[in-house]
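Per-entry structural report
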Amino acid sequence: MTQTSPAVVPVQLPPPRRRRVHRAWFVAAVTFVTITGAAAFRSLPGLLIDPLHQEFGWSRGTIGAAVSVNLALYGLTAPFAAALMDRFGIRRVVAAALTVIALGSGLTVWMTAAWQLLLCWGLLVGLGSGSMALAFAATVTNRWFTERRGLVSGILTAASASGQLVFLPLLSWIVEHHHWRPAAVTVALSAFAVVPFVWLLLRDHPADVGAAPYGAREFVPKPPPVTGAARRTLSVLSSSVRTGTFWLLAGTFAICGASTNGLVQTHFVPAEHDHGMPVTTAASLLAVIGVFDVVGTIASGWFTDRFEPRRLLAVYYALRGLSLLFLPMLLGPAVHPPMIFFIVFYGLDWVATVPPTLALCREQFGEDSAIVFGWVLASHQVGAALVAYLGGAARDAFGSYDVVWYAAGTLCAAAALMSLVIRRTAPAARAAVS
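The shown structure was predicted, so the numbers you read here are calculated from the model rather than taken from an experiment.

1. Focus on the overall build of the protein chain
The helix and strand tally for the protein chain stands at 19 helices and zero strands. As presented, the protein chain carries roughly 18,600 Å² of accessible surface, and 68% of it is formed by carbon and sulfur atoms.

Spelled out as structure tokens, the structure:
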């Protein structure tokens, strides 16, 4: 009698689960789009100097003073904005900030006196832009990510450059062909257009959607709203100013702002125009800086996850200072290969300093790092504000920007040395906050 073996019934394995994209990346994407769309107001000041000078007869120093107020408030508002986001939530603060930016930019079309430029572009746009400055990116990064923070901070920092890339050629064309008022209206509309993205798609904390931060091994409950935003902001400042690290970070970032937003972003276009280059061509060069800024900043975030931030800062500032020392010899009526090399080289370095500076703030100041970075950013914008004004005043006094380029290059060399003096943090502590 033969025995038959039992039939083998094939077992059908369940299909492998598709790995879902973590919600943190969608929040980062919305943040990127928001900062990109709001970057229009950052692109316009350098394009307004000559048109306002010609129409109203205001000196470049007067116009630079309005830009200076804007840049200073952009920085001084940032630390309070970080605390307000802890109190009222990211969505409410950013949506309100965009509305104030749109209001300030839109009102400029009716101005007839210099004080109105100071009020609209200096005060309103400065307060609005400061409320959604890099502290916005720092808050999103700290809440939604425990891994890849350097990369994410680099991507979000690059968003402003992406907006510059989009808006600079457009706004320069509008200014040249339709005057400056339609350009100001375009800035207002672009700020309004971003508000729905913020309100409908952005979330304040991973716990709002039942998720853990990206890279976290366990769920993190949403902290209760923090009251006394102004008091907390000032108390964090009071404790952080007692450390040498804070002053070194603030000093280097002030030089960063002076050599980027205050100098190149504000005065590069009029400086090239002084040498016979059309405004649209000069603005396009500034936009190309934004292209390479995106690449450089994201790469800097990747480097920050792998190399010591202090040394990265020293390299970035040294290279930036070297490029600015050569710039006066490159200005001219036409675009030539050495100028293209400067644009690429400088663009890669434009805000590459932000990811390592953020990393150093996290290493040294822990849970208060977003607010501390807000104060460090304030120094960045104070430096930018001083040079925005002094650059225009130097142009009025000397008929040239050359002395400003040389001074900025020298300051960058000093910033490189200051970066190396920042106190190191133990590797274990560094890993805990990365």
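Having seen the structure, we can now continue with the description.
2. A few points about helix H11 (residues 244–259)
Over its 16 residues, H11 runs 23 Å from end to end, which matches the ideal 22 Å to within 8%, given 1.5 Å per residue. Counted residue by residue, H11 has twelve buried out of 16 residues, so it is predominantly covered. Along H11, the residues classified as buried are Thr245, Phe246, Leu248, Leu249, Ala250, Thr252, Phe253, Ile255, Cys256, Gly257, Ala258 and Ser259.

3. Quick notes on the environment of Asp402
Within the secondary structure, Asp402 sits in helix H18 (residues 402–421). Separated by 77 residues in sequence, Asp402 and Leu325 place their C-alpha atoms 9.3 Å apart.

4. Let's talk about the packing of aromatic side chains
Summed over all chains, the structure comprises twelve aromatic pairs. Here the aromatic rings of Phe341 and Phe345 are separated by 5.8 Å at their centres, their planes lie at 25°, and the arrangement is stacked. A residue pair is termed a helical-turn pair when its members lie 3 or 4 positions apart in one helix, as Phe341 and Phe345 do in helix H15 (residues 337–349) at four residues. The class of Phe341 is exposed, set by a relative accessible area of 57%. Grouping aromatic residues by their ring pairs yields a cluster made of Trp25, Phe145 and Tyr214. One cation-aromatic arrangement involves Arg91 over Trp199; the distance from NZ or CZ to the ring centre is 4.9 Å.

5. Description of helix H14 (residues 309–326)
An ideal rise of 1.5 Å per residue puts 26 Å on 18 residues; H14 measures up with 26 Å between its terminal C-alpha atoms. Every buried residue belonging to H14 is among Pro309, Arg310, Leu312, Leu313, Ala314, Tyr316, Tyr317, Arg320, Gly321, Ser323 and Leu324, and all of these are buried.

6. Some remarks on the packing of H11 against helix H12 (residues 261–274)
At a minimum axis distance of 3 Å, the contact between H11 and H12 shows a crossing angle of 5°. Relative to H12, the element H11 lies roughly parallel. Contact with H11, carried on its side by Gly257, Ala258 and Ser259, involves Asn261, Gly262, Leu263 and Val264 of H12 and no other residues of that element. Residues that form the contact of H11 with H12 fall into these classes: three nonpolar, four polar and no charged.

7. Points about the environment of Asp349
Structurally, Asp349 can be placed in helix H15. Taking the relative accessible area as the measure of exposure, Asp349 reaches 5% and is therefore buried. Along the backbone, Asp349 and Arg320 are 29 residues apart, and their C-alpha atoms lie at a distance of 6.5 Å. Not counting residues up to four positions away in its chain, the partners in contact with Asp349 are Tyr316, Leu319 and Arg320.

8. Some points on the packing of H11 against H14
Contact pair H11 / H14: the axes reach a minimum separation of 12 Å and the direction vectors enclose 30°. Regarding H11 and H14, the two cross each other, and that crossing is left-handed. Where H11 approaches H14, its residues Thr252, Phe253, Cys256 and Ser259 are matched on the opposing element by Tyr317, Arg320 and Leu324. Across the contact of H11 with H14, the residue classes break down as four nonpolar, two polar and one charged.

9. A few points about the nonpolar core
Core analysis: the largest hydrophobic core is formed by 83 residues, its most contacted members being Leu44, Leu47, Val264, Phe268, Met339 and Trp405. Broken down by element, this core gets its largest block of residues, nine residues, from helix H17 (residues 369–398). Beyond its immediate stretch of four places on either side in the chain, Trp405 contacts Leu263, Val264, Phe268, Ala271, Leu324, Leu327, Pro328 and Leu331. Formed by 29 residues, the second largest nonpolar core is a distinct cluster that contains Ala28, Val30, Trp144 and Val195.

10. As for the confidence of the model for the protein chain
Regions with low pLDDT should not have their predicted coordinates read in detail. Taken residue by residue, the protein chain gives an average pLDDT of 80. The fraction at 70 or more is 88%. Low pLDDT, under 50, characterises residues 426–434; the stretch is placed with eight contacts to residues that sit more than four places away or in other chains.

11. Focus on a nonpolar patch on the surface
Together, Val69, Trp115, Leu118, Leu119, Leu123 and Leu127 line one region of the surface with nonpolar side chains, adding up to about 490 Å² of accessible area. Classification of Leu118 as partly exposed rests on a relative accessible area of 34%.

12. Some points on unusual backbone geometry
Backbone geometry at His179 places phi at a positive 75°, although glycine is not the residue there. You can see His179 is positioned in the loop between helix H8 (149–178) and helix H9 (180–201).

Criteria and thresholds
Residues numbered from 1 in each chain as written. Predicted model: local features only at pLDDT ≥ 70, side-chain atom pairs only at ≥ 80, totals over all residues. Heavy atoms only, no water. Helix = DSSP H or I, 4+ residues; strand = E, 2+ residues; numbered from the N terminus. Areas by Shrake-Rupley, 256 points an atom, 1.4 Å probe, with all protein chains shown as cover. Expected span 1.5 Å × (residues − 1). Buried < 20%, exposed > 50% of the residue type's maximum accessible area, 1.4 Å probe, protein only. Phe/Tyr/Trp six-rings, centres within 6.5 Å; stacked < 30°, edge-to-face > 60°. Lys NZ or Arg CZ within 6 Å of the ring centre and 35° of its normal. Axes fitted to C-alpha atoms, helices over the stretch in contact; angles between N-to-C directions. Parallel < 35°, antiparallel > 145°, perpendicular 65-115°, else oblique. Contact = heavy atoms within 4.5 Å. Nonpolar A, V, L, I, M, F, W, Y, C, P; charged D, E, K, R; others polar. Left-handed = near helix turned anticlockwise from the far one by under 90°. Core = buried A, V, L, I, M, F, W, Y, C linked by side-chain atoms within 4.5 Å. pLDDT = per-residue confidence, 0-100. Patch = residues over 30% accessible without salt bridge, like charges linked within 9 Å, V, L, I, M, F, W, Y side chains within 5 Å. Salt bridge = Lys/Arg side-chain N within 4 Å of Asp/Glu carboxyl O.

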